[in-house]
Amino acid sequence: LAYGDLLMLLKNQTKPYELTPGESDRLVEDWTQKLTGLFEQGKAFTQREVRAWFDQIAGSFAAINIEKTDKLKVGIVGEIYVKYSALANNGLEDFLFRQGCEVMVPGIMGFMIFKVDNRLEDIALYGGSSAKKQLCNMLKWYFTKFETDLIDSVKKYPQFTPPTPYSHLKELAGDVIGYGCKMGEGWLLTAEMMELVESGYENVVCTQPFGCLPNHIVGKGMIRKVKNVYPQANIVPIDYDPSATQVNQENRIKLMLAVAN
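Cut-off values and rules
- Residues numbered from 1 in each chain as written.
- Predicted model: local features only at pLDDT ≥ 70, side-chain atom pairs only at ≥ 80, totals over all residues.
- Heavy atoms only, no water.
- Phe/Tyr/Trp six-rings, centres within 6.5 Å; stacked < 30°, edge-to-face > 60°.
- Helix = DSSP H or I, 4+ residues; strand = E, 2+ residues; numbered from the N terminus.
- Buried < 20%, exposed > 50% of the residue type's maximum accessible area, 1.4 Å probe, protein only.
- Pairing = 2+ DSSP bridges.
- Expected span 1.5 Å × (residues − 1).
- Contact = heavy atoms within 4.5 Å.
- Axes fitted to C-alpha atoms, helices over the stretch in contact; angles between N-to-C directions.
- Parallel < 35°, antiparallel > 145°, perpendicular 65-115°, else oblique.
- Left-handed = near helix turned anticlockwise from the far one by under 90°.
- Nonpolar A, V, L, I, M, F, W, Y, C, P; charged D, E, K, R; others polar.
- Disulfide = S-S within 2.5 Å.
- Salt bridge = Lys/Arg side-chain N within 4 Å of Asp/Glu carboxyl O.

Regarding the packing of aromatic side chains
Point 1. Within the structure shown, the criterion is met by 10 aromatic pairs.
Point 2. Relative to Phe39, the ring of Tyr3 lies with its centre 5.8 Å away and its plane at 40°, an arrangement referred to as tilted. Pair noted here: Tyr3 is in helix H1 (residues 2-14) and Phe39 is in helix H2 (residues 23-40), with a separation of 36 residues, a long-range link.
Point 3. The exposure class of Tyr3 is buried, given its relative accessible area of 9%.
Point 4. Consider the rings of Trp31 and Trp53, whose centres lie 5.9 Å apart with planes at 75°: the pair is edge-to-face. Taken together, the residues span a long stretch of sequence, with Trp31 in helix H2 and Trp53 in helix H3 (residues 47-62) at a distance of 22 residues.

Put into structure tokens, the structure is as follows:
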């Protein structure tokens, strides 16, 4: 999951500016094959190995010849399947690339830490066993190590925008929503919108399945509060459902981009 987060992050920040079209996608494929081979040999799993491979992956993307130009920066948040799956969101990332945008999709490691941290919030709010608390603290510490190493590898190359640590996401969310709001993507979805705007990705597509109640509460329902904190935020919620036409979805996103321009 951590390797996938890094590959997604670096590809999305390189692809819009590459001088040789397709080079970023080819590099993702090369690393996917290489890492798969290492996994089959039982390698690239320890933290020391992961840290070294993170550095190599970041260095390989930094070596791609690019030409930085002014592009709209767009973030993608939402229900976890619709957010990451091109099948579910009708190829949203590629659509935004074709519109001349740079895309940022928050990684899944933050979601992993969030799900463990939720158990700690349960104990803080309602009580619970000390054994469960100790186990959750260990898991949170374990996941955070990989998150920290990933951020450190990206920070070595100033042309890339590193992810925001989970601890900062939680601070952001605390200003607008309670930590007990945890169904689905919970307060993390709200925090990711705030993180994106704070990081310069002021245009945000909030993807959600039709009728997804948690998403309507922490996503669509929090847009006004996010805009109160960040008036420059330009957020559009998009429902993805087999009965919804792709043309209608893309037109709404194009309208958001027109506002951004």
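Some remarks on the pairing of strand S4 (residues 234-240)
Point 1. Judged by how many residues are buried, S4 sits mostly within the fold: 6 of 7 residues are covered.
Point 2. Pairing analysis gives 7 bridges linking strand S3 (residues 203-209) to S4, with the strands arranged parallel. Considered in S4, the bridge of Val205 is made with Val236.

Some details on helix H7 (residues 130-155)
Point 1. Taking 1.5 Å per residue as the helical rise, H7 with its 26 residues ought to reach 38 Å, and the 37 Å between its terminal C-alpha atoms agrees with that figure.
Point 2. In this fold, the buried residues of H7 make contact with H1, H3, helix H6 (109-126) and helix H8 (166-174).

Quick word on the packing of H6 against H7
Point 1. Between H6 and H7, the shortest axis-to-axis distance is 9 Å and the interhelical angle comes to 160°. Viewed along their axes, H6 and H7 adopt a mutual orientation that is roughly antiparallel. Here H6 runs over H7; the crossing is left-handed. Of the residues in H7, those touching H6 at Met109, Met112, Ile113, Val116, Asp117, Arg119, Leu120 and Ile123 are Lys132, Lys133, Cys136, Asn137, Leu139, Lys140, Phe143, Thr144, Phe146 and Glu147.
Point 2. For the contact of H6 with H7, the per-class residue count stands at 10 nonpolar, 2 polar and 6 charged.

Things to note about the state of the cysteines
Point 1. One pass over the full model with this rule turns up 0 disulfides.
Point 2. Cys206 carries a free sulfur, and the closest cysteine sulfur to it, the one in Cys212, is 9.5 Å from it.
Point 3. Classification of Cys206 as buried rests on a relative accessible area of 0%.

A short note on the pattern of salt bridges
Point 1. One pass over the structure, following the stated rule, counts 10 salt bridges.
Point 2. Among the charged side chains, a salt-bridge network with shared partners connects Asp117, Glu121, Lys140 and Lys170.

Concerning the side chain of Asn118
Point 1. If you trace the backbone, Asn118 turns up in helix H6.
Point 2. Note on Asn118: relative accessible area 1%, which makes it buried.
Point 3. The contacts of Asn118, once residues within four sequence positions are left out, are Lys182 and Trp187.

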